[in-house]
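Structural description and commentary
Letter by letter, the chains look like this.
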Amino acid sequence: MPQAAPGRAIGELTFPEIATRLNARSILCLPIGSIEQHGPHLPLNTDVVLAEEFTRRIIQRWANLLDLWQLPTLTISLAREHEWAPGTLSLSIQGMTAVMRDLGREIARSLPTRNLAIINGHGGNRGILEALMQDLRADYGLNVCVLHPAVWAETMEAAAAVPDIHGGKIETSLMLAIAPHLVRSDKIAQLKNPPHGEAVRKTILDPAVSWPWTTDDKRIADMGVIGDAQAASAEFGQRILDHVTEMAGGPLKQLLER
């Protein structure tokens, strides 16, 4: 299972070390995952595994240049589109707001830096995190950005008949590269792409209209999956990891310039 970058986990420091190891230009990296269904072949904690691994690799790659530190992972977030499935755990909008605001307040109170990079492992968090960034900046003085590794991953994939949204080629490839022992590979053959890729585009990806979609909608998902898990490979997953790790350097440097 992914672990924090060696020597870079806030939780492994003692309280006197906070003042000597961190400074005003340090960047705190907060992995946010989710506990939610990912089809019959991927575990509920897929987004936690991905968020932590992206964070670990980003810190290992950029820590010497940018002084990155890893905060404890927020493992449960906003996943109401998956609530139909046993095991999915979701905060409410009010709960997610309260958690993030309390965390922002505590960062500002207890640590010597206000620089915060959120590494978001769950696409369903994007909207609320974009809104909450304004609170974190205005109310607690945090200098904050959110990285969405899945978007960088999508740029590596050619257009498919069914867009890769959830539990498909990208997430399955990443899990095969990071934690293959958690992938139920024998279940992948059961999956079929939903019949209408256009329905996925109109329901989820239309920039002009938003809908409250769920992954039990047979028009856009099969067994909770939207995408082609059968096309996944560990090699593709490793390429995504390398690409995301390099891409993260740009916005992290930009964060320090704000």
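Residues numbered from 1 in each chain as written. Predicted model: local features only at pLDDT ≥ 70, side-chain atom pairs only at ≥ 80, totals over all residues. Heavy atoms only, no water.

1. Thoughts on the pattern of salt bridges
The criterion, for reference: Any carboxyl oxygen of Asp or Glu that lies within 4 Å of a side-chain nitrogen of Lys or Arg is treated as forming a salt bridge with it. Secondary structure counts use DSSP, requiring at least four H or I residues in a row for a helix and at least two E residues in a row for a strand, with both numbered from the N terminus. When a residue's accessible area, from a 1.4 Å probe over protein chains only, is under 20% of the maximum for its type it is buried; when over 50% it is exposed; and in between it is partly exposed.
A complete count under the given rule lists twelve salt bridges for this structure. Between D139 and R101 there is a salt bridge, with its nearest N and O atoms 2.7 Å apart. Of this pair, D139 sits in helix 4 (residues 126-140) while R101 is found in helix 3 (residues 93-110), placing the two residues 38 residues apart along the sequence. Judged by relative accessible area, R101 falls into the partly exposed class, the value being 24%. We note a salt bridge from R105 to E106, for which the minimum N-O separation is 3.6 Å. Given a relative accessible area of 39%, R105 falls into the partly exposed group. Looking at E106, the relative accessible area reads 29%, which means it is partly exposed. By sharing partners, the salt bridges in this structure join D102, R105, E106 and R109 into a single network.

2. Considerations on the packing of aromatic side chains
Going by this rule: Two aromatic rings from Phe, Tyr or Trp, using only the six-membered ring of Trp, form a pair when their centres are within 6.5 Å; if the ring planes differ by under 30 degrees the pair is stacked, by over 60 it is edge-to-face, and anything between is tilted. Working rule: Lys NZ or Arg CZ, within 6 Å of ring centre, within 35 degrees of ring normal, means a charge sits over the ring.
Scanning the entire structure with this criterion turns up zero aromatic pairs. Over the ring of F236 we find K169; its NZ or CZ atom is 4.5 Å from the centre of that ring.

3. Digging into the side chain of D222
Stated precisely, the cut-off is as follows: Only four residue types enter the tally: Lys and Arg on the positive side, Asp and Glu on the negative side; His and the chain ends are excluded. The contact definition used throughout considers only heavy atoms, calling two residues in contact when any of these lie within 4.5 Å.
Along the chain, the position of D222 falls in the loop between helix 8 (197-205) and helix 9 (234-247). The side chain of D222 is buried and forms no salt bridge, while K192, the nearest opposite charge, is found at 7.2 Å. In this view, D222 contacts Q190, L191, K192 and P194; residues no more than four positions away in its chain are not counted.

4. What about unusual backbone geometry?
Although it is not a glycine, D67 adopts a positive phi angle of roughly 55°. With respect to the helices, strands and loops of the structure, D67 is situated in the loop between helix 2 (46-66) and strand 2 (68-70). Despite not being glycine, M223 shows a phi value in the positive range, around 55°. Residue M223 is classed as partly exposed on the basis of its relative accessible area, which comes to 37%.

5. Some thoughts on helix 4
It helps to recall that an α-helix has 3.6 residues per turn; residues three or four apart then point in one direction. The line we're drawing: The length a helix should cover is 1.5 Å for every residue beyond the first.
The end-to-end C-alpha separation of helix 4 is 20 Å, in line with the 21 Å expected for 15 residues at 1.5 Å each. Among the residues of helix 4, I128, L129, L132, L136 and Y140 are the ones counted as buried. On its buried face, helix 4 sits against strand 1 (27-32), helix 3, strand 3 (115-120) and strand 4 (143-147). Just downstream of helix 4, G141 is the residue with a positive phi angle, here 70°.

6. Brief notes about the layout of surface pockets
Note the threshold: Only protein atoms enter the calculation, which uses a 1 Å grid: trapped sets of points that fit a 1.4 Å probe without letting it out are cavities, open sets showing protein on both sides within 12 Å along at least five of seven lines are pockets, and any residue with an atom within 4 Å of a point is a lining residue. Grid points are joined across faces, edges and corners, and a volume is the space filled by probe spheres set on the points. Ten residues, namely Ala, Val, Leu, Ile, Met, Phe, Trp, Tyr, Cys and Pro, are considered nonpolar, four, namely Asp, Glu, Lys and Arg, are considered charged, and the remaining ones, Gly among them, are considered polar.
Considering only enclosed or pocket space, the largest pocket measures out at about 1100 Å³ in volume. Each residue belonging to the lining of the largest pocket can be placed in one class, and the counts come to 20 nonpolar, nine polar and eleven charged. Here the second largest pocket is characterised by a volume of approximately 330 Å³. Around the second largest pocket, the lining comprises 15 residues; the ones closest to its centre are M133, V144, C145, V146 and R258.

7. Some words on the nonpolar core
To be explicit about the condition: Side-chain atoms within 4.5 Å link the members of a nonpolar core, which is a set of buried Ala, Val, Leu, Ile, Met, Phe, Trp, Tyr and Cys residues.
Within the largest apolar cluster, 39 residues are counted, with the highest numbers of intra-cluster contacts made by I27, F54, I58, L68, M175, I240 and L252. Within the residue set of this core, elements represented by two or more residues are strand 1, helix 2, strand 3, strand 4, helix 5 (149-154), helix 6 (169-178), helix 9 and helix 10 (249-257). In terms of residues, this core owes the most to one element, helix 2, which gives eight residues. Residue contacts for I240: discarding those within four places in its chain leaves F54, A153, M156, I170 and L174. Counting 26 residues, the second largest nonpolar core, distinct from the first, contains L71, L78, A108 and L111.

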